[in-house]
Amino acid sequence: MAKIFCVANQKGGVGKTTTTVNLAAGLAKLNQRVLLVDLDPQGNATMGAGINKATLQASTYEVLLGTADVATARVRSEAGGFDVLPANRELAGAEVEMVQLENRERRLRDALGLAAKDYDFMLIDCPPALSMLTLNGLCAAHGVIIPMQCEYYALEGLSDLVNTIKKVHANLNPDLKIIGLLRVMFDPRMTLSQQVSAQLEQHFGDKVFKTIIPRNVRLAEAPSYGMPGVTFDPTSKGAQAYIAFGAEMVKRIKKM
Ligand code: ATP
Ligand code: MG
């Protein structure tokens, strides 16, 4: 049965999508069966996995509204070696349309549950907001992965996310926990990065992943080729780090 993880941080541009796509590809390299769920109307994870978001037959939108199931909406990322439940801007409409539906926070959970036996991991790329879409992600997940840049404002907003996770845990999804904080776009030459990184370790202890993702231009270039960085340039430092992170996640789920 799949373990389901949300990659979430309501801050924009902190590396959620890069993490989701490359963790998916890293896990696929470790022979794990992975479904990437694009829960962001921007559709960046869909494109980054090499799938054209403009020509989708069905998408996360239909799955949330119950007019398609995961088995019909999913497409294969040949470049990444995993399946994708794709998304595009249509998904923004779901936010409004779901308001009238019963059980609106649990739509994604119910839909993913039906496909859980097909996968070892499901990774959900959340939008940069604490919205109904993100809430659906949190209700569906066993755990949250929070990517963070080690900069001065990194901790700002983290308490909002942590409080939301606590509320969802208390009221909607008792399985939910924070799996860990992932340091991304790390620049070891910056003293500030080192300091913030040390602070995170002090505050959050073993909730901080051992793996650190460096700032690496190959990770930023890969989406324009429709490939995860992990397959675009497997020897790059960024790719190596995400493969190591995949191995760390495989180890963690054995303890769950
Ligand atoms: P949004 O909140 O808009 O969904 P996001 O949190 O998903 O953004 P990404 O899209 O993954 O963030 O990353 C933001 C930008 O930073 C992108 O241009 C991406 O290519 C770049 N980037 C992410 N991680 C790295 C890295 N480790 N090294 C270099 N560039 C990176
Ligand atoms: Mg994103």
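Structure first, text after, so check above.
Since the model is a prediction, treat every value here as computed from it, not as a measurement. (Residues numbered from 1 in each chain as written. Chains lettered and ligands numbered in written order. Predicted model: local features only at pLDDT ≥ 70, side-chain atom pairs only at ≥ 80, totals over all residues. Heavy atoms only, no water.)

Draft legend 1. Representation of the overall build of the protein in the model. Within the protein, the regular secondary structure consists of 12 helices and eight strands. For a compact globule of 256 residues, the expected C-alpha radius of gyration is about 18 Å, and the protein comes in at 17 Å, within 12% of that figure. With respect to the principal axes defined by its C-alpha atoms, the protein has extents near 50 × 40 × 30 Å. With 256 residues in all, the protein has 54% of them scored as buried. If you take every contact in the protein between residues at least 6 apart in sequence, the share linking residues at least 24 apart comes to 79%. (Helix = DSSP H or I, 4+ residues; strand = E, 2+ residues; numbered from the N terminus. Rg over C-alpha atoms; globule rule 2.2 N^0.38 Å. Buried < 20%, exposed > 50% of the residue type's maximum accessible area, 1.4 Å probe, protein only. Contact = heavy atoms within 4.5 Å.)

Draft legend 2. Region of the structure containing the packing of helix α7 (residues 132–140) against helix α8 (residues 158–171). One way to put it is that α7 packs onto α8 with a least axis distance of 10 Å and a crossing angle of 55 degrees. Considering the angle they form, α7 stands oblique to α8. Crossing geometry of α7 relative to α8 is assigned as right-handed. Of α8, the residues touching α7 (which contributes L135, L138 and C139) are T164, I165 and V168. Considered class by class, the residues forming the contact of α7 with α8 number five nonpolar, one polar and no charged. (Axes fitted to C-alpha atoms, helices over the stretch in contact; angles between N-to-C directions. Parallel < 35°, antiparallel > 145°, perpendicular 65-115°, else oblique. Left-handed = near helix turned anticlockwise from the far one by under 90°. Nonpolar A, V, L, I, M, F, W, Y, C, P; charged D, E, K, R; others polar.)

Draft legend 3. How the structure looks around the state of the cysteines. Enumeration according to the criterion identifies zero disulfides in this entry. The thiol of C126 is not disulfide-bonded; the next cysteine sulfur, from C6, is found 3.8 Å away. A relative accessible area of 1% places C126 in the buried class. (Disulfide = S-S within 2.5 Å.)

Draft legend 4. Region of interest: the site of ligand 1. The immediate surroundings of ligand 1 are formed by 18 residues, with G13, K16, T17, T18 and N216 found nearest. Between ligand 1 and K16 there is a distance of 2.9 Å, counted from an oxygen atom to a side-chain nitrogen or oxygen. For ligand 1, a nitrogen atom lies 2.9 Å from a polar atom in the backbone of N216. Compared with its free state, where it exposes 630 Å², ligand 1 has 80% of that area covered by protein. Elements that contribute at least two residues to the shell around ligand 1 include exactly α1 (16–29), β8 (208–214) and α10 (217–221). The biggest single contributor to the shell around ligand 1 is α1, with three residues. (Near = heavy atom within 4 Å. Polar contact = N/O pair within 3.5 Å; in protein donor to acceptor, adjacent residues only side chain to side chain. Areas by Shrake-Rupley, 256 points an atom, 1.4 Å probe, with all protein chains shown as cover.)

Draft legend 5. Focus on the pattern of salt bridges. In the structure shown here, the tally under the stated rule is nine salt bridges. R74 serves as the salt-bridge partner of D118, at 3.0 Å between the closest nitrogen and oxygen. Taken together, the residues span a long stretch of sequence, with D118 in the loop between α6 (107–113) and β5 (121–125) and R74 in the loop between α4 (70–73) and β3 (75–77) at a distance of 44 residues. R252 serves as the salt-bridge partner of E248, at 3.9 Å between the closest nitrogen and oxygen. Placement of the pair is E248 and R252 together in helix α12 (residues 237–254), with a separation of four residues, close to one helical turn. E248 sits in the buried class, given a relative accessible area of 11%. With a relative accessible area of 21%, R252 lands in the partly exposed category. One salt-bridge network, held together by shared partners, links R74, K117 and D118. (Salt bridge = Lys/Arg side-chain N within 4 Å of Asp/Glu carboxyl O.)

Draft legend 6. Seen up close, the environment of L101. Along the chain, L101 falls in the loop between α5 (91–97) and α6. Residue L101 is classed as partly exposed on the basis of its relative accessible area, which comes to 27%. L101 sits 141 residues away from Y242 along the chain, and the two C-alpha atoms are 38 Å apart. Apart from the residues within four sequence positions on either side, L101 is in contact with L64, L65 and R107.

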